[in-house]
Number of protein chains: 2
Amino acid sequence: MSQTLITPRTLKGFRDYPPAIMIPREAMMDTARRVFRSFGFAPIDTPVLEYLQILTGKGSEETDRQIYNFTTRGGREVAMRFDLTVPLARFAAQHINALGTPFRRYHIAPVWRGENPQSGRYREFVQCDFDTIGTESAVSDTEVIMVVNRLLNELGFDEFTISINNRMVLSGLLEKLDLIEKTTDVLRCLDKIGKIGREAVAKEMVDSASVTSDQANQVLALSDLDDEPESVLDSLLEIVSGSETGVQGVERLGEVYRSAIASGVSPERLRLDVSIARGLDYYTGTIFETTLDELPGIGSICSGGRYDNLASLYTKQRLPGIGGSLGLDRLLAAMEQLKLLPSQSVSAPTMIAYFDKSLKEDYLKMSSQLRSAGLGIEMYPDPKRLAAQLKYADQKGFSHVIIAGDREWQNGEVQVKTLATKESHTIAYQHDAFEELARFLGSTIAESE
Amino acid sequence: MSQTLITPRTLKGFRDYPPAIMIPREAMMDTARRVFRSFGFAPIDTPVLEYLQILTGKGSEETDRQIYNFTTRGGREVAMRFDLTVPLARFAAQHINALGTPFRRYHIAPVWRGENPQSGRYREFVQCDFDTIGTESAVSDTEVIMVVNRLLNELGFDEFTISINNRMVLSGLLEKLDLIEKTTDVLRCLDKIGKIGREAVAKEMVDSASVTSDQANQVLALSDLDDEPESVLDSLLEIVSGSETGVQGVERLGEVYRSAIASGVSPERLRLDVSIARGLDYYTGTIFETTLDELPGIGSICSGGRYDNLASLYTKQRLPGIGGSLGLDRLLAAMEQLKLLPSQSVSAPTMIAYFDKSLKEDYLKMSSQLRSAGLGIEMYPDPKRLAAQLKYADQKGFSHVIIAGDREWQNGEVQVKTLATKESHTIAYQHDAFEELARFLGSTIAESE
């Protein structure tokens, strides 16, 4: 049967995850789930496809350009979600009265954006979002910082910086400078300070946000503040004095900072950075970004903030809250490029060699018994030469191979070969006495980890 | 600011998963992952969007009608995956030489089909697929049965039936009856026997597959066989005698059945059912279906089989294999309807009441310490009346609430209230001695589970 082959390939900007990358990716998702749950965040899921109108209700032009949308056969205008916040807003408007507040949810799921693919950035990527809805408490602001701190620790990072700010500090200053109506433009410029530097931002503020050069300098003075948090807070109080909003912002910023430290977050991991603005205009209070000291080039890997009203497009019910988002796939891609991923490409650490055809059913039974004892066991499926099976085991990265021929079987024992050391141990095994083998494997695997 | 609200709703055939359903759904996915891994299956992921041509290369007309496809802004014809098998075939054609065989992968991910929504069936649903590629060994066939058996046990089901057949048995019979060219039509009819009954199937075979009524009866005689496996195998050998294919099929069927029993699968969970055909024409050997004895109405929840050549559309490399697919969301929906889901809507079993405003930082620190001890702790975010906080805790389903006011704090203790029994215990706690509280919570939570 001859036919033209279809070239197997993925779309531009999309990628496959083979086991060597998917195993650490699943481990990262597990870690995120465990950390979110330990704070009482509960999982939700929403459809990938939503009504286009729901997803673009408040979208920026940029979002609208990047969204994957289409008309279904039934004539509905639909789109694939481009973040997890808009679906949460729709979800909250629909279900919050049944769920009650405070409502803490996490959502770990892919989103799609048709942006130009760059190194380490794909058009499909998993985000890990967590939000507390229905409270304005500073406890929830503090907890967001605690979650990020614990999350990065558990993901294996020691050196990272969580930069915290409060939008009200900025608003207070803009109020004093009479720039409130230019807030969005000014903040958009300010957000670029890390990328293009102070001077370029000042120029852009004057050119595109039409502020005076003096006003621009007063805004940018925020980025000159000392590094010592208590002295930053004192300076800020002066800078915003006279603006009630500004003073409230500085007070909340101080409260969140001090509570985070009191809860056990190391002061070395925290930074007050009043120049971060987080472009999105729905933030109204605490905002934060997180950078890895070892990988500054990838930008913020976990960001978020407080909003006054999550779901105003869909409901009149006011829903304040605060949340954050870990860019899991972006972090994974960066770790992959920098060869920071643990190398593990097998799911089960032990392989049973299929050594003697007449013992097939015995191997199957042994595999089943060891699995019941909580061990991961892969049986080689074909009775090939032992050398070929051991080569497979080596290349895949198993830690142990169980080898048992007729002779061992008759003696009530098996050989366990440790691949790293090439040592072999003879261990007692019979179908009605598999505990010793299970114990041996359990303890040597635990040691080698 | 007055504006028209957008009605918050999901598309027809799509659904939200609130915590009460998402918590058991995540638990089911965790269980599937754990079981797959214990057999050495490794995770992969592939893009939701693929080139339309890749997804529909071998699709049936029905698949093509149900697929969500569209043209991107860049002019590419793309589609959302409608199963996990076609993406696996594309993935294998692209990567199998780098990965090596035997290759065992699992893939737990949503798929989309624009079919008419029915009770318990949605247009977006998660499937859990597992496949072993690159071997024709009966060990892999047997392992599929072992995986399904362990999976359902671990998901909490005791009463289920895995029905096994082999396509070669059917092919052998059709060969003898000179019906080989009508295979697809005959099997499509035969597949309906569970739904419409033997007589209707016989009629349909005559009417739509143009076989004689005698031939139809000989095919349908397969469903009359005795229930005792060894006698079924004997009868089958007679039925297909003379057809080499048929004899090979009966032998493999017997081997897989006996090996599964030898590995520890209970004979009560297995059934040889030579009338199951699995509509898809790519199956060539062992095929199986799984029904829950308690929920027969939902049909097969885990099915699959052996194929000769997975990726022939994309590569000349022959890739035989065998796999199965658990319809996780369909099973979940059935369990939900029948109220079989465990009721749990909190992620963390213990709540700290925010009782005394002056102790905020102390509560935060306590929560952090207990989390570091491996406990799930939610702190109530607002210093509301205790009664309101306890009501929230009750409604949400927490098991314990930690209550500590100024007096307790000064005595170096806290109250732990068990909500189910309304008992309170006084437990020692200080910031530098939290171990007793952690131990108490750990042991009482373990008890109450």
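Throughout what follows, the structure given in this document is the object of discussion.

Conventions adopted
- Residues numbered from 1 in each chain as written.
- Chains lettered and ligands numbered in written order.
- Predicted model: local features only at pLDDT ≥ 70, side-chain atom pairs only at ≥ 80, totals over all residues.
- Heavy atoms only, no water.
- Helix = DSSP H or I, 4+ residues; strand = E, 2+ residues; numbered from the N terminus.
- Buried < 20%, exposed > 50% of the residue type's maximum accessible area, 1.4 Å probe, protein only.
- Least-squares fit on C-alpha atoms with pLDDT ≥ 70 in both.
- Contact = heavy atoms within 4.5 Å.
- Buried area = accessible area lost by both parts, 1.4 Å probe.
- Salt bridge = Lys/Arg side-chain N within 4 Å of Asp/Glu carboxyl O.
- Polar contact = N/O pair within 3.5 Å; in protein donor to acceptor, adjacent residues only side chain to side chain.
- Expected span 1.5 Å × (residues − 1).
- Phe/Tyr/Trp six-rings, centres within 6.5 Å; stacked < 30°, edge-to-face > 60°.
- Lys NZ or Arg CZ within 6 Å of the ring centre and 35° of its normal.
- Pairing = 2+ DSSP bridges.
- Axes fitted to C-alpha atoms, helices over the stretch in contact; angles between N-to-C directions.
- Parallel < 35°, antiparallel > 145°, perpendicular 65-115°, else oblique.
- Left-handed = near helix turned anticlockwise from the far one by under 90°.
- Nonpolar A, V, L, I, M, F, W, Y, C, P; charged D, E, K, R; others polar.
- Patch = residues over 30% accessible without salt bridge, like charges linked within 9 Å, V, L, I, M, F, W, Y side chains within 5 Å.
- Areas by Shrake-Rupley, 256 points an atom, 1.4 Å probe, with all protein chains shown as cover.
- Lys, Arg positive; Asp, Glu negative; His and termini not counted.
- Charge placed at Lys NZ, Arg CZ, Asp CG, Glu CD.

Observations regarding the side chain of B:S163
Okay, step 1: Here B:S163 is to be found in strand β7 (residues 160-166).
Okay, step 2: When its relative accessible area of 6% is taken as the criterion, B:S163 is described as buried.

Some words on the relation of the copies chain B and chain A
Okay, step 1: At an RMSD of 0.1 Å, chain B and chain A line up after a rotation of 180 degrees and a shift of 0.0 Å along the axis. Put plainly, the chains are arranged around a two-fold axis. In terms of C-alpha distance to the rotation axis, chain B has B:F70 as its closest residue, with the C-alpha 3.1 Å off the axis.
Okay, step 2: The fraction of interface residues of chain B whose copies in chain A are also interface residues reaches 100%, indicating that both copies meet through the same surface.

Considerations on unusual backbone geometry
Outside of glycine, negative phi angles account for most residues, and trans bonds account for most peptide bonds.
Okay, step 1: Residue A:P102 is reached from A:T101 by a cis peptide bond, and omega for that bond is -5 degrees.
Okay, step 2: Along the chain, A:P102 turns up in the loop between α4 (85-99) and β5 (103-112).
Okay, step 3: You will see that B:K422, though not glycine, has its phi angle at about 60 degrees, which is positive.
Okay, step 4: The residue B:K422 is located in the loop between β15 (413-418) and β16 (423-428) in this model.
Okay, step 5: Since its relative accessible area comes to 60%, B:K422 is described here as exposed.

Some thoughts on the interface of chain B and chain A
Okay, step 1: The interface of chain B with chain A comprises 105 residues on the first partner and 105 residues on the second.
Okay, step 2: Together chain B and chain A conceal approximately 8,900 Å² of surface at their shared face, both sides included; 56% is due to carbon and sulfur atoms.
Okay, step 3: Looking only at chain B, the three residues that lose the most surface to chain A are B:I6, B:L11 and B:R371, adding up to 8% of its buried area.
Okay, step 4: Taken together, chain B and chain A are joined by twelve salt bridges.
Okay, step 5: With its nearest N and O atoms 2.5 Å apart, the salt bridge here joins A:E255 to B:K360.
Okay, step 6: There are 51 residue pairs in polar contact (both at pLDDT 80 or more) connecting chain B and chain A.

Some points on helix α5 (residues 138-154) of chain A
All names here are of chain A.
Okay, step 1: Look at α5: 24 Å from first C-alpha to last across 17 residues, which is about the 24 Å you get at 1.5 Å a residue.
Okay, step 2: Counting buried residues in α5 gives 15 out of 17 residues, a clear majority hidden from the surface.
Okay, step 3: One side-chain oxygen at the N-terminal end of α5 lies 2.8 Å from the backbone nitrogen of V139; it belongs to S137.
Okay, step 4: Two residues or fewer after α5 comes G156, characterised by a positive phi angle close to 100 degrees.

A look at the packing of aromatic side chains
Okay, step 1: By the definition in use, this model includes 29 aromatic pairs over all chains.
Okay, step 2: Ring geometry for A:Y363 and A:W409: centres 5.9 Å apart, planes at 90 degrees, overall edge-to-face. Remark: A:W409 occurs in helix α16 (residues 406-411) and A:Y363 occurs in helix α14 (residues 360-372); sequence separation between them is 46 residues.
Okay, step 3: On the basis of relative accessibility, which here comes to 19%, the residue A:W409 falls in the buried class.
Okay, step 4: Arranged with centres 5.7 Å apart and planes meeting at 80 degrees, the rings of B:F41 and B:F130 form a pair that is edge-to-face. In this pair, B:F41 sits in the loop between α1 (19-38) and β1 (42-43) while B:F130 sits in strand β6 (residues 124-133), placing the two residues 89 residues apart along the sequence. The same class applies to B:F41 as to B:F130, namely buried.
Okay, step 5: Taken together, the aromatic side chains of A:F14, A:Y68, A:F70, B:F14, B:Y68 and B:F70 make up a single cluster linked through ring pairs.
Okay, step 6: In this arrangement the basic side chain of B:R9 is found over the ring face of A:Y51, its NZ or CZ atom lying 4.1 Å from the centre.
Okay, step 7: Note that B:R15 overlies the ring of B:Y17, its terminal NZ or CZ placed 4.4 Å from the centroid.

Some details on the environment of B:F160
Okay, step 1: One can find B:F160 in strand β7.
Okay, step 2: Beyond its immediate stretch of four places on either side in the chain, B:F160 contacts B:N149, B:L152, B:N153, B:E268, B:R269, B:T290, B:T291, B:L292 and B:D293.

Comments concerning the sheet that holds strand β2 (residues 49-51) of chain A
All names here are of chain A.
Okay, step 1: Within the open sheet, the three strands sit side by side as β2-β4-β3. Their pairing is antiparallel. Every interior strand has two partners, whereas the edge strands, β2 and β3 (69-71), have only one. Within the sheet, the average angular offset between the axes of one strand and its neighbour, ignoring direction, is 35 degrees.
Okay, step 2: In this structure, β2 lies alongside strand β4 (residues 77-80), joined through three bridges in antiparallel fashion. Looking at β4, one finds that L49 is bridged to M80.

Focus on the pattern of salt bridges
All names here are of chain A.
Okay, step 1: In this structure the tally under the stated criterion is 48 salt bridges over all chains.
Okay, step 2: Residue E136 pairs with R318 through a salt bridge whose shortest N-O separation is 3.1 Å. On the criterion of sequence distance, the pair formed by E136 in the loop between β6 (124-133) and α5 and R318 in the loop between β10 (302-307) and β11 (321-326) is long-range, its members being 182 residues apart.
Okay, step 3: According to the relative accessible area criterion, R318 is partly exposed, its value standing at 44%.
Okay, step 4: Salt-bridge contacts for D293 lead to R269; the nearest nitrogen and oxygen are separated by 3.8 Å.

A look at the packing of helix α6 (residues 167-176) of chain A against helix α12 (residues 244-263) of chain A
All names here are of chain A.
Okay, step 1: The N-to-C vectors of α6 and α12 enclose an angle of 155 degrees; their axes lie 7 Å apart at closest approach. By the angle between their directions, the pair α6 and α12 is classed as roughly antiparallel. Both α6 and α12 take part in a crossing whose hand is left-handed. Between α6 and α12, the residues in contact are M168, V169, S171, G172 and E175 and E244, T245, G246, Q248, G249, V250 and L253, respectively.
Okay, step 2: Across the contact of α6 with α12, the residue classes tally to four nonpolar, six polar and two charged.

What to know about the pairing of β5(A)
Residues and elements named next belong to chain A.
Okay, step 1: Most of β5 is tucked away, with nine of its ten residues classed as buried.
Okay, step 2: One ladder, built from two bridges, connects strand β1 (residues 42-43) with β5; its direction is parallel. Paired with A42 across the two strands is R105, which belongs to β5.
Okay, step 3: One ladder, built from ten bridges, connects β5 with β6; its direction is antiparallel. Paired with Y106 across the bridge in β6 is F130.

Regarding the packing of helix α7 (residues 183-190) of chain A against helix α9 (residues 198-208) of chain A
Each pair of packed helices can be described by the angle between their axes along with the distance between the axes.
Residues and elements named next belong to chain A.
Okay, step 1: Packing of α7 against α9 leaves a shortest axis separation of 9 Å and a crossing angle of 155 degrees. Taken together, the axes of α7 and α9 lie roughly antiparallel to each other. The chirality of how α7 crosses α9 is right-handed. For the pair α7 and α9, the contacting residues are V186, C189 and L190 in the first and V201, E204, M205 and S208 in the second.

Comments concerning a negative patch on the surface
Residue and element names in this part refer to chain A.
Okay, step 1: Together, D226, D227, E228, D234 and E238 make up a negatively charged patch on the protein surface.
Okay, step 2: Along the chain, the position of E228 falls in the loop between α10 (213-220) and α11 (229-240).
Okay, step 3: Overall, E228 belongs to the partly exposed group, its relative accessible area being 40%.

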